[in-house]
Amino acid sequence: MPEIVSALNGLADLWLGSDHPVQVSPLDDQLQIVLRHLDPKAPRSYFNQREWLPVIVVNTPGDVYAYGDPYEDLRASLGNIFTTPLGELLSGPRFDASARAAETRMAANCLNCEYFGACSGAAIASNRDNVHTEVDGIGVCDVDRAVLRHIEDRLRSSGVLDGDGRVATSPAPAADPVA
Ligand code: SF4
């Protein structure tokens, strides 16, 4: 288990047990995902880099990267903002390769994940901090999924869920905060 998982799980225990919890990222987002997961009526969302790329990274020389791509590797750059219009950077073959890689990570991880839909998949599609293991060259979602399970187990064992498995006083949030 990556060290960050035990750190986040320990922090989640303290956070959920606090009488005066402050907003802690990413635990607040992960709690919202679990609440949506527990509520079958909550809206589902699915990350799609081709429709919405929330963050791009631009280094000092102007090389542009999709957020989940290795910005130390020029081969992963979508191109240069000083020489190429943004519209071309976000529609060219390099963008297509980046989107395909994100789709591959989601297909390998999310399609078999019980949280998919409540979690949009953005955690593995576009967050390199969440990848600590690779199988056949594809990143494994070994942080978010484990922390989501921990939070869900913690809610279940704390007795705050009603007979339907939902937190009675907390309606599930409508939007995926990381999509
Ligand atoms: S927790 Fe990970 S594997 Fe599950 S849906 Fe979210 S990103 Fe995909």
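Residues numbered from 1 in each chain as written. Predicted model: local features only at pLDDT ≥ 70, side-chain atom pairs only at ≥ 80, totals over all residues.

(A) Here's a closer look at the overall build of the protein. Counting its regular elements, the protein contains six helices and five strands. Taken from N to C terminus, the helices and strands of the protein fall in the order α-α-β-β-β-α-α-α-β-β-α. On the principal axes, the C-alpha backbone points of the protein span a range of 55 × 35 × 35 Å. Within the protein, the proportion of its 179 residues that are buried is 29%. Contacts in the protein between residues at least 24 apart in sequence constitute 56% of all its contacts with a sequence separation of at least 6. (Helix = DSSP H or I, 4+ residues; strand = E, 2+ residues; numbered from the N terminus. Buried ≥ 20, exposed ≤ 12 C-beta atoms within 10 Å, placed from the backbone. Contact = placed C-beta atoms within 7 Å.)

(B) View of the site of the ligand. Taken together, 13 residues are adjacent to the ligand, and Cys110, Cys113, Cys119, Ala123 and Cys141 come closest. Of all the secondary-structure elements, those providing two or more residues to the shell around the ligand are α5 (122–125) and α6 (144–158). For the shell around the ligand, the element with the most residues is α6, which contributes three residues. Residues of the shell around the ligand, tallied by class, amount to nine nonpolar, two polar and two charged. (Near = placed C-beta within 6 Å. Nonpolar A, V, L, I, M, F, W, Y, C, P; charged D, E, K, R; others polar.)

(C) Quick look at the pairing of strand β5 (residues 138–141). For strand β4 (residues 131–135) and β5, the ladder comprises three bridges, and the chain directions are antiparallel. Bridged to Val131 within β5 is Cys141. Linkage of β4 to β5, two consecutive antiparallel strands, is achieved through a turn of two residues, within which Asp136 is found at a positive phi near 55°. (Pairing = 2+ DSSP bridges.)

(D) Focus on the domain arrangement of the protein. What the domain assignment reports for the protein is domain 1 (3–47 + 115–158) and domain 2 (56–102). Each of domain 1 and domain 2 has a C-alpha centre, and these two points are 28 Å apart. Of the residues that constitute the side of domain 1 that touches domain 2, the class distribution is one nonpolar, two polar and one charged. (Domains from an automatic or database assignment.)

(E) Just the packing of helix α1 (residues 3–16) against α6, in detail. Here α1 crosses α6 at 30°, and the two axes come no closer than 10 Å. Relative to α6, the element α1 is oriented roughly parallel. Judged by the sense of rotation from one axis to the other, the crossing of α1 with α6 is right-handed. On α6, the residues that touch Val5, Leu8, Asn9, Ala12, Asp13 and Leu16 of α1 are Ala146, Val147, His150, Ile151 and Arg154. (Axes fitted to C-alpha atoms, helices over the stretch in contact; angles between N-to-C directions. Parallel < 35°, antiparallel > 145°, perpendicular 65-115°, else oblique. Left-handed = near helix turned anticlockwise from the far one by under 90°.)

(F) Spatial organisation of the environment of Arg154. Among the structural elements, Arg154 can be located in helix α6. Judged by local crowding, Arg154 falls into the partly exposed class, with 18 C-beta atoms found within 10 Å. Between the alpha carbons of Arg154 and Leu16 there is a distance of 8.4 Å; along the sequence they are 138 residues apart. When sequence neighbours within four positions are dropped, the list of residues in contact with Arg154 reads Ala12, Asp13 and Leu16.

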